[in-house]
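# Architecture at a glance
Here is what each chain is made of, one letter per residue.
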Amino acid sequence: MTDVNVKMEALAGVDPNALPLQVKDLHVEFRTRNGIAHAVNGVSFDLRAGETRAILGESGCGKSVTAQAIMGILDSPPGFVTGGEILYRGVDLLKLPESERRKVRANRIAMIFQDALSALNPVFTVGFQLAELFRMHRGMSRQDAKARAVELLDLVKIPAARQRVNDYPHQFSGGMRQRVMIAMALALDPEVLIADEPTTALDVTVQAQIMALLAELQRERNMGLVLITHDMGVVADVADRISVMYAGRVIEEAGVDDIYASPAHPYTKGLLESIPRLDLKGQELSAIKGLPPALTNIPPGCAFNPRCRYTQEVCREDPVPPLYQVSPSRTAACHFWKEVKGDE
Amino acid sequence: MGRYVIRRLLQFIPTVLGTMFLLHYITSLAIQFSGNPVRALFGDRTPPPALLQAITERLGYGDPCLDRKGDPCLWRAAEDGGGLLGSGYELGLFFDRLHGIFFNFDFGINLRQQEVTDLVANAIPFTLKLLVIAIVFEAVVGIAAGVLAGLRGGSFLDYMVKISTVFVISVPIFVLGLVVREFVGVKFGNVLRGQDWIPDLISVGVFSPVFKPDYPLASLIIPGMVLGSVSLATTARLTRTSIMENVRADYVRTAKAKGLTNKRVIGVHTLRNSLIPVITFLGVDIGAAMAGAVVTETIFNVPGIGRLVTMSARTGESSVVIGVVTMLVLVVLLANLLVDILYAVLDPRIRYE
């Protein structure tokens, strides 16, 4: 896969020593008829080469929107990035003209989507959709590009790749389709891979295979992986660091072991307690009461306060809780993080 | 696929026979109630009964069932008294016609003793040209307008397309045709014809109020556009909705995430999917355009199939009506079959067993 990078155009201002991905205070809003939905309200995180960063949160907390903002593929209108920086090796992608930004996609930062059946174009063969990347970004001939497509299908362990390259997406099983998606994302050897709930649409055994494949390919290429998920089990297996999101904010950020051992935010704690456990078989599942707030109407103060058992007056008032430094390598946005962490 | 095509072709048989019987019965009823069409040949004069009888027999209107009101002409009393299975009856006019058409390729003759096959052969090039102009016009303009409107939903252009299409859809084609002939062909055409610097091809040909044999293609352009305009509106709306639906599709987002140019995201990934329903519509529309051609050709005096059918229906020449309409039915059926096959080619998810 060495020749792939040969024809890649240089991006001005790239600092090879800077982090592959840094998101700083990102704000995204959706301007709809029913008002402005504040989907992302100041998300920050770093990603090192070879590191896996999980972004965890329930549906509608802004994790997919964050991913789309990084890729620059928000539906706009109604979606707008209203503030912050997205740095790829020191270059702010938000300041790049669209023609430059386009070349970052797939080449340097690639993305895997949740539902591979709808994310692959139904009327083109997977070979065409893979080869397209080489033809458009590397100027390869159809024939060479097709050969590369076969190699890629081999890479993601699709049996009989030479024949399957001419099949259409609907002729693949769910797991095989997700492998095709992975092949497509890795085609141009990106430094950062964003996987938006890559296993949600799959059954459990296939989930494990896909995650193992992703982890293996990531290790081989020393690639940074942003794993967006709501599945605590998947996170525990593969993530290095975790950002927990709630109502468009990161409310806790820590290494995976710290979070699982002693969550410092009541929301994280609630999420962990809601994992079904074998030793508590037969007992009622613990769940976080209530619903996440509507993004058009986020409560003042801590957005989690209506559902939180630690809530006091200070939580209901602006400003929102700052990110407290829980330890040198972790932060949590809760006024009472000591109590949360302590009564474990 | 092969078996599917064969099954579809077999389904043609009842459709064609049913259509033919319906036409046969309607034209027979017309003769039974309004009298022998051959009389029309003599105008006001009363022909000698022997001559009338001879011509009537010659033209195929001699069957006694045509004198009995309401008789479907399916059977007649056998002359030798034996008939089919000794019933005293044998197969009647309808079966004579079927036998003639399918076994001898004899579609009969009109009142002037011209072969129906010749009449059709002379008329069909005009209708085909008219249809091609109409379909090309509606496909090119309709798809272009639909794509532009669909990509910018809610824009000024989108509203223009929406409003103008409602306007076109709600005006019947015979009204539109007459208005266009009067204002474009006559009034505007007269202004053009008054200018020396405009070539005759434009002023006399294109902007002629009726078909001109001297300009066989140019003078069909405006009738063709009239014929295509109603379906053009439908095409534009269908394309617009389809595009709006598809630009939000997940695979379009994937295409963007692949770093493809906007041109390619729209032109390759969105358009191909969006056009599947549009092309299906255009195929089915060939049938509707044929029906429209009857009106358009009559208004603009185009000597095509449509006018042939109208004139023959007026004079009660049942053989012409049956022959021509049967051919039209076959054309429409074949067009629909082709569309279904094309559909499977465009959308690989469709498989015919």
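In the nomenclature of an unreviewed UniProt entry, chain B is known as Dipeptide-transport integral membrane protein ABC transporter DppB of Micromonospora sonchi. In UniProt, chain B has this text filed under Subcellular location (unreviewed entry): "Cell membrane". Recorded in UniProt for chain B, the comment headed Sequence similarities (unreviewed entry) runs: "Belongs to the binding-protein-dependent transport system permease family."

In the nomenclature of an unreviewed UniProt entry, chain A corresponds to ABC transporter ATP-binding protein from the organism Micromonospora sonchi. Under Sequence similarities (unreviewed entry), UniProt gives the following word-for-word description of chain A: "Belongs to the ABC transporter superfamily." Per UniProt, chain A carries the Subcellular location (unreviewed entry) text "Cell membrane".

Glancing now at the overall build of chain A. Across its full length, chain A holds 12 helices and 12 strands. Here the C-alpha atoms of chain A give a radius of gyration of 21 Å, agreeing with the 20 Å that 2.2 N^0.38 yields for 344 residues. Dimensions of chain A, computed from the C-alpha atoms along their principal axes, are close to 65 × 50 × 40 Å. Within chain A, buried positions represent 45% of all 344 residues.

Before going further, it helps to examine the UniProt feature "domain: ABC transmembrane type-1" (unreviewed entry) in chain B. The UniProt feature table records "domain: ABC transmembrane type-1" (unreviewed entry) at residues 124-343 of chain B. End-to-end, the C-alpha atoms of residues 124-343 of chain B are 27 Å apart, and along that stretch the chain is 83% helix and 0% strand.

This part takes up helix H4 (residues 126-138) of chain A. All names here are of chain A. With 13 residues, H4 should reach 18 Å at 1.5 Å per residue; the first-to-last C-alpha distance of 18 Å fits that figure. For H4, the complete set of buried residues consists of Val126, Gly127, Gln129, Leu130, Ala131, Glu132, Leu133, Phe134 and His137. Structurally, H4 contributes buried residues whose contacts are with helix H5 (142-155) and helix H7 (174-186). Where H4 ends, the next residue or the one after it, Gly139, has phi of about 65°, a positive value.

A few words now on the pairing of strand E11 (residues 324-327) of chain A. Residues and elements named next belong to chain A. Where E11 meets strand E12 (residues 330-332), 3 bridges bridge the pair, whose relative direction is antiparallel. By the bridge assignment for E12, Gln325 is matched with Thr331. In this antiparallel pair of consecutive strands, E11 and E12, the connection spans 2 residues.

Before going further, it helps to examine the nonpolar core. Counting residues in hydrophobic clusters, the biggest one holds 106 residues, and the most contacted among them are Met181, Ala183 and Ile194 of chain A. Here the element with the most residues in this core is H7 of chain A; it accounts for 8 residues. Among residues more than four places away in sequence, those in contact with Ile194 of chain A are Ala67, Ile70, Met71, Ile109, Met111 and Val226 of chain A. Grouped together as the second largest cluster of nonpolar side chains are 62 residues, Phe126, Ile133, Ala139 and Leu275 of chain B included.

All names here are of chain B. The contact between helix H4 (residues 116-151) and helix H8 (residues 221-247) brings their axes to 6 Å, and the two run at 30°. The angle between H4 and H8 places the two elements in the roughly parallel class. The two elements H4 and H8 cross, and the hand of that crossing is right-handed. Within the contact of H4 with H8, the residues separate by chemical class into 22 nonpolar, 8 polar and 3 charged.

This part covers the UniProt feature "domain: ABC transporter" (unreviewed entry) in chain A. The sites that carry the UniProt feature "domain: ABC transporter" (unreviewed entry) are, in the present numbering, residues 21-272 of chain A. A distance of 28 Å separates the end C-alpha atoms of residues 21-272 of chain A, which is 40% helix and 28% strand.

This part covers the sheet that holds E12 of chain A. Residues and elements named next belong to chain A. Read across the sheet, 8 strands follow the order E6-E7-E8-E3-E9-E10-E12-E11 without closing on themselves; strand pairing throughout is mixed. Two strands close off the open sheet at either side, each with one partner strand: strand E6 (109-112) and E11. Strand-to-strand twist in this sheet, taken as the mean axis angle between neighbours without regard to direction, amounts to 25°. The sheet contacts of H7 involve E6 and strand E7 (192-196), and relative to E6 the element is tilted by about 170°.

This part takes up the interface of chain B and chain A. By a widespread convention, an interface's size corresponds to the accessible area lost as its parts come together. The interface is formed by 18 residues belonging to chain B together with 22 residues belonging to chain A. Within the residue set of the side of chain B that touches chain A, elements represented by two or more residues are helix H9 (250-257) and helix H10 (262-300) of chain B. Here the side of chain B that touches chain A is built from residues that sort into 4 nonpolar, 5 polar and 9 charged.

Rules behind the numbers
Residues numbered from 1 in each chain as written. Chains lettered and ligands numbered in written order. Predicted model: local features only at pLDDT ≥ 70, side-chain atom pairs only at ≥ 80, totals over all residues. UniProt positions renumbered as here; feature names shortened; annotations may be inferred. Helix = DSSP H or I, 4+ residues; strand = E, 2+ residues; numbered from the N terminus. Rg over C-alpha atoms; globule rule 2.2 N^0.38 Å. Buried ≥ 20, exposed ≤ 12 C-beta atoms within 10 Å, placed from the backbone. Expected span 1.5 Å × (residues − 1). Contact = placed C-beta atoms within 7 Å. Pairing = 2+ DSSP bridges. Core = buried A, V, L, I, M, F, W, Y, C linked by C-beta atoms within 7 Å. Axes fitted to C-alpha atoms, helices over the stretch in contact; angles between N-to-C directions. Parallel < 35°, antiparallel > 145°, perpendicular 65-115°, else oblique. Left-handed = near helix turned anticlockwise from the far one by under 90°. Nonpolar A, V, L, I, M, F, W, Y, C, P; charged D, E, K, R; others polar.

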